[in-house]
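Working through the structure, step by step
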Amino acid sequence: MFGDMMNMMGKLKETQQKVEDTKKRLNTVLIDESSSDGLLKITLTANRTIKSIDIADELLNDKEQLEDYLILTLNKAIEKATNVNEAELAAVAKEGMPNIPGMDMFK
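The model shown is predicted, which means the values in this text are computed figures rather than measured ones.

The element strand β2 (residues 40-45) is largely enclosed, with a buried count of five among its six residues. Here strand β1 (residues 30-34) pairs with β2 via five bridges, running antiparallel. Residue pairing in the sheet places Ile-31 in a bridge with Leu-44 of β2. Joining the antiparallel neighbours β1 and β2 is a turn of five residues, in which Gly-38 adopts a positive phi near 75°. Relative to strand β3 (residues 50-55), β2 runs antiparallel, the two sharing five bridges. Residue pairing across strands places Thr-43 opposite Ser-52, the latter belonging to β3. Linkage of β2 to β3, two consecutive antiparallel strands, is achieved through a turn of four residues, within which Arg-48 is found at a positive phi near 70°.

Glancing now at the pattern of salt bridges. It is possible for side chains bearing opposite charge to pair when their charged atoms get close. Inspection of the entire model under this criterion finds six salt bridges. For the salt bridge of Arg-25 with Glu-88, the shortest nitrogen-to-oxygen distance reads 2.5 Å. A residue pair is termed long-range when its members are at least 10 positions apart, and Arg-25 in helix α1 (residues 2-26) and Glu-88 in helix α2 (residues 63-96) qualify at 63 residues. Linked by salt bridges that have partners in common, Glu-33, Lys-76 and Lys-80 make up one network.

Cut-offs and rules
Residues numbered from 1 in each chain as written. Predicted model: local features only at pLDDT ≥ 70, side-chain atom pairs only at ≥ 80, totals over all residues. Heavy atoms only, no water. Buried < 20%, exposed > 50% of the residue type's maximum accessible area, 1.4 Å probe, protein only. Helix = DSSP H or I, 4+ residues; strand = E, 2+ residues; numbered from the N terminus. Pairing = 2+ DSSP bridges. Salt bridge = Lys/Arg side-chain N within 4 Å of Asp/Glu carboxyl O.

Take a look at the structure:
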């Protein structure tokens, strides 16, 4: 029994390290999103850090239009990044979870 507990604790610690490593790796995974007409392009990491914003000159003439483009495009990019982030972290967590009765919510 005690050996099983120690084995589970070791596996949890190993999984925790894998999760941290995955979070660091996700800083290097880039998500590109652009407006439907290509006038605004945004790049962010899978950890949702904005890396670049490219705005076409014609959008600079209309503040409201630019704001709308930013909101729509940023939200799409953040959603994509969140999906990648959650999928990657869930895969690592599921892979490393010990078989504990009643804890099958991660499967």
